[in-house]
Structure formats: structure tokens, C-alpha cells
Amino acid sequence: MLSALLALAAILLTGCGRPPVAEQEPAGVLFVYVALPGWQIQQPDNLDAVIEDLDLLRQPFRELHPAVRIQFIPFAEDQLIQQVRRRNWEGLGPDLLLVTDRMARDLRRLDLSRPATAPAELVSQLDPLALRQLRAPDGQLAGLPVFLQTEQACFNRSLLPESPANLKALLQTSAAGLPVGLSLVPQDLAWLLGGFGADGAIAAAARGEVPSRQGRAALVQMLQWLADANLQERVLLFTAKEPMLKRFASGELAWIPCRSDNLTLLRRSLGDDLGVAALPRGPGGEASPINTLRVWAFGRNSSARQQRTAERWASFSISPVVQRRLTLQTTGNLPVNLQLPVPVESSATLRTLEATRQQAGLGPQAEALFRIDNERLAHLRRVINDVTYETVAPEAGADQLLEALIAGAREAQR
């Protein structure tokens, strides 16, 4: 039944029952670069989990088009632009790239990719917010969204029956002797902003504006909470995400914030002990988790035949039938095709991810933290570390964070 539905989807994507002769039998090798955080590239288990999810797309596509081979080539995200620029110059660039929405925009801005194309009817089914994130000033798309990933809490059911509903309860969990992990990477702390009402201050700074006095005070309160949390014996603070995930997967931590793309690997280690829940609210409101997109960007050096095959593959991956397969058979990917309601009845995890998706956004505070350059990001990390370990006061730290974001925004506007 599934094979028949997939075949029907492929026929519909061509626009008629029999495709043109030139496109009737796609063939050859499709080279797909997969951009991942550097630490994932270095960990075979993490890499296997990513390829395992992508195989859920590759296998049915090859059943329909057996003459096509799809080769996934992983690259560290911080090296991707350099690698694509070099390989484009050599005429060896990829046919497709699986990247974040930010990277898709950067590739297009640098003319390292070509505009994304798909049947208009299919594009009209996609999440308008996701498309807006990818729409260039000239109206063209920098990439095609393929799935959405969310941010939530992960907890070990064998240690903790349920996830704390608020930050006070989270610290009480730690005080009771259960170890809690937090990442000090700026992007990994964005979920705390909403809980203190500091998201407005970050959004204003991202626009190059000076935040309100209340917004600055909320940011100071959040930084003070981090410094106080660091005084708890059983709160473990990590300067990188990888060691935190490893400690949680090995059963050494009871609770961490996590992203849905981590769930496949964590499920392998913890099985049914892995719990997923909404992130805890704070004294100023709900948590502010961040949704992220995974996107197909189209390479510049493909032959005409490879371009057609790449477009067919990308369109296949966002069709309703294939999006449903991807949602049901992977652990942490939500569909971008709105023709497909998320089947929340089938899984408690999917219910949590969909609730997080609705709560979260691809808003200005997310943009502020995911678009800054590496030098400024390193500065923000130093400020956060200094405040957390009490070598800089929260008030001074808040001013430094806001000043860095304002300067970055104003520089980008010039």
C-alpha cells in the first residue's frame, strides 16, 4: 500500500500520468552534502542516526527511480561555505545540500547555490512562515524546507518520573540530589529568555534598537538565575552541547534541554526511559524554545540532467505522502507540508513536539542568535561564562550582550 502511494505521489509531482521522455528515467549519481555540527561529524553513532533518517527518503525514491544513486557526504557546518566555494571553483560542487535555513540564505547570498524550484502547487502547501524565512529580496527561494526540528526538555524516567514544569521546580529537582544539565552556548540558552520576559529585549537589540528598561532588567534577572543555578551542587553547566548529551545518554543526568534531532540517538541509549516534555516556564512567562528548519539548497555545478533529478528528489521529499512517512518513522522531524496534519494521536513524543512547535517560533530573538558571526558569538559566550562564574556582574553582562547584538544589527544594516 505504501509503495503504491509513493508511486502515485511521484506521478502527481510530474504533472501528468506520463512524464516527458527527457525526464522519464532519471539516472546517475546525486551528490548531497549534509551539514552538521562538527561534534556530530566526529561521532559515528550521531552520524549513523542522521543517515538512518535520510535513508527513509532515499530508499523509496530509489524504488521508483532505481537508476539513481544518492550519495550523502557529511560536512561540518563551520567548514561548509569554504568547502562549497572551493569545490564550485573546481567545478565539483554538490547537486544538493541539506542545511539550516540560515546556511541556505548565506549560500544564496554568496552565489554559491542557485534558486530553489519546485511545482507551484506543491510550494503552496508548505508552511508560509518557513517559506518567508527562505524568501530572498528578489522573491526567489534560497532553499526548500524539508522538515522542522523543535526544542524541548529530555528527562530520564528511571531517575525522574516527570519533567519539572517551572524553573523553581527544576532547581528543587537538583537540590533533591538529581543531576541537571544546562548548556551555556548562547543559542542553547534562548529558551530561558521567555521565562524571564527577556525575549523582547533581545528582539529589540537584534533590530539595532536599545531595549526598554524593563527588558534589560528581565535579562539581568535571567543572568542572575544562571549564576545562582551554578551554585547548586547538582546543576552541571556545559560550555558545549556534546558532553552534556553524552552524560545524559549514559544515565548520569536526570534532565537536560534537547533538540528533536538528538532524539534518535538518545532513544538508542535510553529506550523507554527517555521522556520528552515542554521546557519549564519561568517567573515571567512561558519558555521560548526555537524551531529550526532543515532545508534543501541547490548546487550550482550540476548538469541539466542532475538539476532535474535534484529537483525531482526535493519535490518528492516534501510531498504529503513522503512527509507523513518521515514524521512517523523518525523520532524528531515534523512536516513542513501543511496538507499533512501531525499525527499526534500516534505518539506522546509527537504530541510534545507539535505543542512545542506551536509555542516556539522562528522569531527575531532566534534570528539574533543564529545569524551572528563567529567572532561576536565567541564574545557572547565569554560574557555568559563570566557572569555564570561570577567574574562579571549580571548587570554588566546584560549590557555587554545587548551592546554586542545592537552593534551587529547596525553593522548589518549599513
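Residues numbered from 1 in each chain as written. Predicted model: local features only at pLDDT ≥ 70, side-chain atom pairs only at ≥ 80, totals over all residues. Heavy atoms only, no water.

Enquirer: Just to check I follow, could you spell out the pattern of salt bridges for this structure?
Expert: Any two side chains of opposite charge can pair, so long as their charged atoms come close to each other. Counted by the stated rule, this structure contains 19 salt bridges. In this structure, Glu52 and Arg268 form a salt bridge, with 2.5 Å as the shortest nitrogen-oxygen distance. Of the two residues, Glu52 is situated in helix α3 (residues 44–64) and Arg268 in helix α14 (residues 263–270); the sequence distance between them amounts to 216 residues. On the basis of relative accessible area, Glu52 is assigned to the partly exposed category, the value being 40%. On the basis of relative accessibility, which here comes to 42%, the residue Arg268 falls in the partly exposed class. The salt bridge partner of Glu77 is Arg294, with a shortest N-O separation of 3.8 Å. Of this pair, Glu77 sits in helix α4 (residues 77–89) while Arg294 sits in strand β10 (residues 292–298); the two residues are 217 residues apart in sequence, bridging distant segments of the chain. Residue classification places Glu77 among the partly exposed positions, given a relative accessible area of 24%. Classification of Arg294 as buried rests on a relative accessible area of 8%. Counted as one network, the salt bridges with shared partners bring together Arg102, Asp106 and Arg109. (Salt bridge = Lys/Arg side-chain N within 4 Å of Asp/Glu carboxyl O. Helix = DSSP H or I, 4+ residues; strand = E, 2+ residues; numbered from the N terminus. Buried < 20%, exposed > 50% of the residue type's maximum accessible area, 1.4 Å probe, protein only.)

Enquirer: Quick question: what am I supposed to make of the packing of α3 against helix α15 (residues 304–317) here?
Expert: Two quantities define a packed helix pair, namely the angle between the helix axes and the distance between the axes. Two elements in contact, α3 and α15, have axes whose closest approach is 11 Å; the angle formed by their N-to-C orientations is 120°. Comparing the axis directions of α3 and α15 gives the class oblique. For the element pair α3 and α15, the recorded crossing hand is right-handed. Where α3 approaches α15, its residues Leu57, Arg58, Pro60, Phe61 and Leu64 are matched on the opposing element by Thr309, Arg312, Trp313, Phe316 and Ser317. Across the contact of α3 with α15, the residue classes tally to 6 nonpolar, 2 polar and 2 charged. (Axes fitted to C-alpha atoms, helices over the stretch in contact; angles between N-to-C directions. Parallel < 35°, antiparallel > 145°, perpendicular 65-115°, else oblique. Left-handed = near helix turned anticlockwise from the far one by under 90°. Contact = heavy atoms within 4.5 Å. Nonpolar A, V, L, I, M, F, W, Y, C, P; charged D, E, K, R; others polar.)

Keep in mind these numbers describe shape, not what the thing actually does.
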